[in-house]
Amino acid sequence: MKTSKTPPTDLFVVTERPAFLEQVKKAVSEHDSIHVKAMESGPRSARLNGCLTVLESSETSLILVDTEADGASMALVQEIFDRHPSPRVFVAGGMSDPGLMLRAQQAGAAEFIPLPLDGKVLSEAVARFWKRSAPAVHTHKGTRGRVMTFLSAKGGCGATTLATNLAVTLASAGRSTLLVDLDLAAGDAALLLNLSPSFSVSDAVANTHRMDRELLNGMVLRHVSGLEVLAASESLEKAVNTDPARVAQLLQFVREQYEFVVVNTGELTEPSTQAGLGQSDMVHVITTLDLLALRRAQWCLRRLEQNGVARDLVRLVVNRYDRNPYITLDEAEKVLELKVSWTVPQDTRSIPEALNDGIPFVSRNRNGLATCFEGYATALSPGGEAAAPARRKVLGIFPKGMARISHHGASA
């Protein structure tokens with residue numbers, strides 16, 4: 001018998017085909033750590049209850065659902081996840097239906113095992129699952145990860161792009177990093193990374209009462225950089241019904257699992273955004289050097305202060321920075337009473353190319369963009385923490401061509 005590094009595993013097989021059960025037993029016969037067991041057959045309600053019992057009573061058990069002979073078996077997988085959103089469910093099916101794998105992932109399956117069954121593929125899937133689910137020590141004992149929120153002064157300032165690329169930069173540097181897209185109904189972080197989500201932030205929020213590392217591992221997307229992502233929901237109904245109190249609970253949990261939690265937000269008035277801001281160690285307000293964006297940034301800063309966000313937690317970021325003959329950085333700082341912490345240069349070619357290709361532009365490092373992000377990521381790390389911006393007294397000086405911004409700010 002070959003010795004396997006796979007943890008001891010009870011593999012419960014749900015099938016109406018005795019021959020398939022025997023195939024599974026034979027496929028893993030050389031792996032003494034995988035023990036194949038048959039789930040009792042019967043009506044779907046009985047099989048559902050049996051699967052739920054297995055998942056709730058043992059953390060070392062996996063379920064393998066055979067979809068080849070039973071068209072209703074995928075509905076069983078969905079029911080299992082609805083009742084017990086655990087990633088410990090595998091699906092086996094033929095490759096004649098090209099959409100089967102996607103439906104399996106959407107139903108909650110952690111792995112898809114193609115038929116005809118290959119023992120090596122099955123055993124590797126089991127080993128891969130346990131490796132993925134192993135509780136990694138992301139933060140040092142007694143410390144918490146940092147939650148960093150990105151908020152656009154107005155639509156189109158690029159908060160999602162900056163948050164995504166900074167998160168990739170941190171992950172690429174070996175920092176355990178989670179990107180959370182709290183722009184619940186319109187978030188594009190997964191799209192920018194060319195990832196296809198099966199689960200969303202809304203799914204994670206709905207299960208905060210039973211959230212653990214295993215469940216979280218089954219919900220996050222993984223990028224080649226090492227970044228993990230909780231994507232925005234593609235369901236408007238889920239987005240609308242997301243409880244902001246549970247959003248705060250989720251962020252409290254994930255900050256214990258990662259060194260950095262980068263949060264992309266929606267509108268400042270959204271309850272989920274406010275919940276994210278309430279958990280933040282640093283709030284990045286993203287603006288550009290134009291009148292409308294700066295006026296809106298002034299309104300955002302005032303609203304953040306009204307909502308209890310301390311000014312020393314706020315970082316002012318100027319995106320698409322280019323020398324402007326009408327508005328300078330110094331003049332913008334005077335207007336907003338806040339120093340600029342970070343500028344990201346304008347790049348009319350590299351950034352659009354990266355967005356269209358679904359490849360973070362920091363991965364290409366054209367025109368020094370990666371260097372710009374690496375420098376800021378280094379400043380965020382322990383020992384190089386970005387200094388809190390100093391407040392400036394308003395001198396009453398406004399840029400040429402820029403009307404005085406109302407003390408009432410922009411309208412909501």
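Right above here is the structure, for reference.
Residues numbered from 1 in each chain as written. Predicted model: local features only at pLDDT ≥ 70, side-chain atom pairs only at ≥ 80, totals over all residues. Heavy atoms only, no water.

Some details on the nonpolar core
- Core analysis: the largest hydrophobic core is formed by 39 residues, its most contacted members being F150, L166, L179 and F373.
- Ranked by the residues each element gives to this core, the list is headed by helix α6 (residues 159-172), at eight residues.
- Beyond its immediate chain neighbours, meaning those up to four positions away, F150 contacts A159, L162, A163, L166, V262, V263, N264, T265, H284, I286 and W342.
- If you look at the next biggest cluster of nonpolar residues, it comprises 25 residues, including L178, L250, V254 and Y258. (Core = buried A, V, L, I, M, F, W, Y, C linked by side-chain atoms within 4.5 Å. Buried < 20%, exposed > 50% of the residue type's maximum accessible area, 1.4 Å probe, protein only. Helix = DSSP H or I, 4+ residues; strand = E, 2+ residues; numbered from the N terminus. Contact = heavy atoms within 4.5 Å.)

Re the environment of L369
- Within the secondary structure layout, L369 lies in helix α16 (residues 369-380).
- Sequence-wise, L369 and P345 are 24 residues apart; in three dimensions their C-alpha atoms are separated by 7.7 Å.
- Aside from chain neighbours lying at most four places away, what touches L369 is V344, P345, D347, S350, I351, F361 and V362.

Considerations on the sheet that holds strand β13 (residues 340-345)
- Strand order in the open sheet formed by eight strands is β8-β9-β7-β10-β6-β11-β12-β13, with mixed pairing between adjacent strands. On the outer flanks of this sheet lie β8 (221-222) and β13, each paired with one strand and no other.
- Where strand β6 (residues 146-152) meets strand β11 (residues 282-287), five bridges bridge the pair, whose relative direction is parallel. Across the sheet, the residue bridging to L151 is V285, located in β11.
- The strands touched by helix α11 (residues 244-254) are β7 (177-182), β9 (228-230) and β10 (260-265); relative to β7, the strand with the most contacts, the crossing angle is about 170°.
- Along the sheet face, helix α13 (residues 291-306) touches β6, β11 and β12 (314-321) and points at about 160° away from the line of β11. (Pairing = 2+ DSSP bridges. Axes fitted to C-alpha atoms, helices over the stretch in contact; angles between N-to-C directions.)

Notes on the side chain of S233
- Summarising the element assignment, S233 is placed in the loop between β9 and α10 (236-240).
- Dropping the residues within four chain positions of it, S233 is found in contact with L184, A185, S200, S202, K238 and A239.

Digging into the packing of aromatic side chains
- If you walk through the whole model with that rule in mind, you get six aromatic pairs.
- Their ring planes at 75° and their centres at 5.9 Å tell us that F90 and F129 sit as a pair that is edge-to-face. With F90 in strand β4 (residues 89-94) and F129 in helix α5 (residues 119-133), this pair connects stretches of sequence that are 39 residues apart. F129 shares its class with F90; the two are buried.
- With 5.4 Å between their ring centres and 70° between their planes, F361 and F373 make a pair best called edge-to-face. With F361 in the loop between α15 (350-357) and α16 and F373 in helix α16, this pair connects stretches of sequence that are twelve residues apart. No difference in accessibility class separates F361 from F373, as the two residues are buried.
- Clustering of aromatic rings is evident, with ring pairs tying together W342, F361, F373 and Y376. (Phe/Tyr/Trp six-rings, centres within 6.5 Å; stacked < 30°, edge-to-face > 60°.)

Function-wise, these values are silent; they only describe arrangement.
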